[in-house]
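Inside the fold
So the chains spell out like this:
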Amino acid sequence: THIAIYGVWSRAPIVFFTALRASLRMVGCCKLSLNLLLPAPGLGSWEAGSCGDLAASGAGFASRRRSASSREASLLRSARWKRTRQLSSPTGLRRSLQLLSLLVSGLSALKSSWQSAAGFPQRSSDTAFGRQRDLFPLSIVPESFIEELGWSAEESVALRLILDAQVASLNWLYGPARCCSKRTKSTAAQLDGLRRLFDRSVAFVARLDSVTDSSWEELLPSWAADNAMQAVAVQTSLVADRIDVLPRAGLVDPCPSLPPCLQSKLSTAGEVFPIDLPAMRPCTGVGGDKFEYVKLIAIQLRAGQLGLSRSAVGYGSIFAVGKRGSTRMRAIWHGAQVSALALRPPRPQHLASPTALLALRCGADEQIFVSKRDASCWFDQLRLPSHLRQYTGRPRVSVSELLLIGGLSLEEVQAALEDPSCKPRGSFTPVSRTWPMGFSWSSAVAQSYLLSLCEKSGLQNSGILACDVRSPSDLRLTHAAATDDIMLFAVGDRLAVCEAAERVDHTLEAEGVIRNRKKDVDGATDAAVVGVHLEDGHVLAAPPARCLCILYAITRLLQRPFVTPRELAALLGMIQWLDLLRRPKLAILEEIYRFTKRAADSQVARVPSGALVELCA
């Protein structure tokens, strides 16, 4: 008989193991294997590479005789208590390691197939010997890798916890039946894989630490934000003076430049809306104070963005959304009901996405240069055909309100009337004279016209980066279009991408398009493109601030897994967009789809453990 005791010292710089063999002079003593996993300071601790059967005899080990099952339960309770106790204590870890460690600790506490795969004990059938021919299951990352960093003891233990969790997750994805990480000698292929995992993990921690301001807090959903963070509201009451309105709207007619099939649909009655569609009930939602709403309507009437009609067929309310990192706001026309009555719009062609940008390649001694052009208030520049304006009604306003609150004159009200024969008396329904952002057909029109501008600028259709066309074979000069953004890419030739941007500028000016010059980018190697970052001209990666936001939101969700399906769907959308850089990761999402597709999507419900595991993975 012998005892093998495996322990983790909570204050040690690294995880160490002690094995003790001794002959015991007692009756009925059997083999005892204990796995005492004491957490590191501030972290829930488990070791993906340790295994053992929790079984024991009470003789000689404790003064009180207890059954094996009772002693096992006591040990597990003690480990959980120590984990919870040290999680609640402050630590000196950097913010990135704290968030990642909390995520791992919360994940290990969930009752799921991941926990059973990464936890203990390990089945005796998994300890078979033999040559390892497969890459998986992986063993733990060698301790020598962590020692190379020269980090403090606390940070090294935290990194060990995070690395072990990643190994366990990869093994879990490989197959729960074979995902135990044994402390066996790794093959050359496995060591190479572990080195890549280690390098990427350290680089990810460094990228998270690069966020020094509080910009990531502005990205947090309201349910995940602390009281101090909730000062930055994503959706708030409308303030007319904070809404961006062009001096003159609707100056660009996109129809002549659209594809013939789309032109035909927009000019033919019954192709966008069914003929003889009954009128909707007028709406009253004004996004806050009626006083501010009337002021905004007056500003938009003066700019030519809206007109006044005695009646309308379709209606939508107005709400305001705050812009990130600014006090400015965006007024949104809620056209969901109108879009539901319209016929199915064509899919926007050649829309840029992170997946499409993965076609970019460059050599080790080359860089990818990018230039960008952004259209200012793009939808407000595009003129809406007159026969479609009756479907874009907003809450009614009276002429007296426009005169007294909005400061308009009778001549300005008369000029804004859709029917010049009407008298400027009584109340009117504001209707849009430009393509409204909340209408289902607007995206297809804006994207098609933007592609025509690219073609007029001399950009070849064979060089466009999109998922619905073949990837370009010549990467010396390529481009991508995303509704109101034109992005130009050149491999190893900064001059070429700058010259192409100048041609785009000339085309925009000739077409009367107003661009947002503050967002211009010329020949940069570090830039934000369609929600991801091009870094050092070589790597497309998720923005560090957005990564911090997602990590924080998930840790809050692990602490309190109660949220509405609609709110979780918003967080899932943020994660899915970044996952387009690694599309195979989308294959693990299953339980979370079931939760977000519930019929009662506005009622708070408990998020299933399986959905939380998918979020963490």
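Structure: see above.
Sequence order as written defines the numbering, with residues in each chain counted from 1. For this predicted model, a pLDDT threshold of at least 70 governs which residues receive local features, and a threshold of 80 or more governs which side-chain atom pairs are given and counted, while totals over whole chains, interfaces and linings are taken from all residues. For side-chain calculations, the full set of non-hydrogen atoms in the structure is used, while hydrogens and water are omitted.

**Here we look at the pattern of salt bridges**
Salt bridge, as used here, is a side-chain nitrogen of Lys or Arg placed within 4 Å of a carboxyl oxygen of Asp or Glu. One pass over the structure, following the stated rule, counts 24 salt bridges. Ionic pairing is found between R94 and D209, a salt bridge with its closest N-O pair at 3.0 Å. A residue pair is termed long-range when its members are at least 10 positions apart, and R94 in the loop between α1 (68-87) and α2 (95-108) and D209 in helix α6 (residues 188-209) qualify at 115 residues. Here the term buried applies to any residue with accessible area under 20% of the maximum for its type, exposed to any over 50%, and partly exposed to those in between, with areas from a 1.4 Å probe on protein chains only. A relative accessible area of 26% means that R94 is categorised as partly exposed. Judged by relative accessible area, which is 28%, D209 ranks as partly exposed. The salt bridge involving R594 is made with E590; its shortest N-O contact spans 2.9 Å. We classify R594 as partly exposed; its relative accessible area is 47%. A single network of salt bridges, built from pairs that share partners, joins R373, D505, R515, D520 and D522. Strands here mean DSSP runs of E at least two residues long; helices mean DSSP runs of H or I at least four residues long; both are numbered from the N terminus.

**Some remarks on the sheet that holds strand β15 (residues 539-541)**
Being paired, for any two strands, means DSSP has found at least two bridges between them. Read from one edge to the other, the open sheet built from three strands follows the order β13-β14-β15, with strand pairing classed as antiparallel. Across the chains shown, the open sheet's two edge strands, defined by having one partner strand only, are β13 (527-529) and β15. Taken over all neighbouring pairs, the strand axes of this sheet differ in orientation by 30° on average, direction set aside. Across three bridges, the pairing between β13 and strand β14 (residues 532-535) is antiparallel. Following the sheet pairing, A528 is matched in β14 by H533. Helix axes are fitted to C-alpha atoms over the stretch in contact, other axes to C-alpha atoms as well, and angles between N-to-C directions run from 0 to 180 degrees.

**As for the nonpolar core**
If you look at soluble globular proteins, the nonpolar side chains tend to sit buried side by side. F489 and L568 are the most contacted members of the largest nonpolar core, which totals 83 residues. For this core, the leading source of residues is helix α16 (residues 544-559), giving 11 residues. Buried residues of nine kinds, namely Ala, Val, Leu, Ile, Met, Phe, Trp, Tyr and Cys, make up a nonpolar core once their side-chain atoms join them within 4.5 Å.

**What about the sheet that holds strand β11 (residues 485-491)?**
What holds strands together in a sheet is hydrogen bonding between their backbones, with the strands either parallel or antiparallel. Taken in spatial order, the four strands line up as β10-β11-β7-β12 in an open sheet, and their pairing is antiparallel. Pairing within the sheet leaves two strands with one partner each, and these edge strands are β10 (478-482) and β12 (521-524). This sheet shows a mean twist of 15° between the axes of neighbouring strands, independent of strand direction. As defined by bridge partners, strand β7 (residues 368-374) adjoins β11 across seven bridges and the pair is classed as antiparallel. By the bridge assignment, D374 is partnered in β11 with D485. We call two residues in contact whenever any of their non-hydrogen atoms come within 4.5 Å of each other. Its contacts with the sheet place helix α14 (residues 442-456) against β10 and β11, and it is angled at close to 155° to β10. Helix-sheet contacts for helix α15 (residues 494-511) involve β7, β11 and β12, and the interaxial angle to β7 is about 10°.

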